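# Survey of secondary and tertiary structure
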Amino acid sequence: MTFEKILPLLKEGKKAVRTGWEGTELFVVLVENDKFDGEVLNPYFLIKTEDEAYSAWAPTSCDILAEDWEVVA
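All values reported here derive from a predicted model rather than from experimental measurement. (Residues numbered from 1 in each chain as written. Predicted model: local features only at pLDDT ≥ 70, side-chain atom pairs only at ≥ 80, totals over all residues. Heavy atoms only, no water.)

### A look at the side chain of Asp 68
One can find Asp 68 in the loop between helix H2 (61-65) and strand E7 (69-72). The exposure class of Asp 68 is buried, given its relative accessible area of 18%. Within polar-contact distance, the side chain of Asp 68 engages the side chain of Arg 18 at 2.6 Å. (Helix = DSSP H or I, 4+ residues; strand = E, 2+ residues; numbered from the N terminus. Buried < 20%, exposed > 50% of the residue type's maximum accessible area, 1.4 Å probe, protein only. Polar contact = N/O pair within 3.5 Å; in protein donor to acceptor, adjacent residues only side chain to side chain.)

### Quick notes on unusual backbone geometry
In this structure, Asn 33 takes a positive phi of about 55° despite not being glycine. The residue Asn 33 is located in the loop between strand E2 (25-31) and strand E3 (35-36) in this model. The residue Asp 37 is not glycine, and still its phi comes out positive at about 55°. Inspection of the secondary structure assignment puts Asp 37 in the loop between E3 and strand E4 (39-40).

Have a look at this one:
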């Protein structure tokens, strides 16, 4: 699946991953409607891996052009 097709699903709260990643990446999520110190935050992506907590994530051009995205449970 392309990033263009996965993005609306991320906006619906689904989790997604690229099958071409090394395997430690569990999923990417989009966080919307979040606040910090009482202020509204702009939407942002987080990535969850097997060996770490959630981390901030921004898609690379390779991620945006990839066609190996899939929704995960």
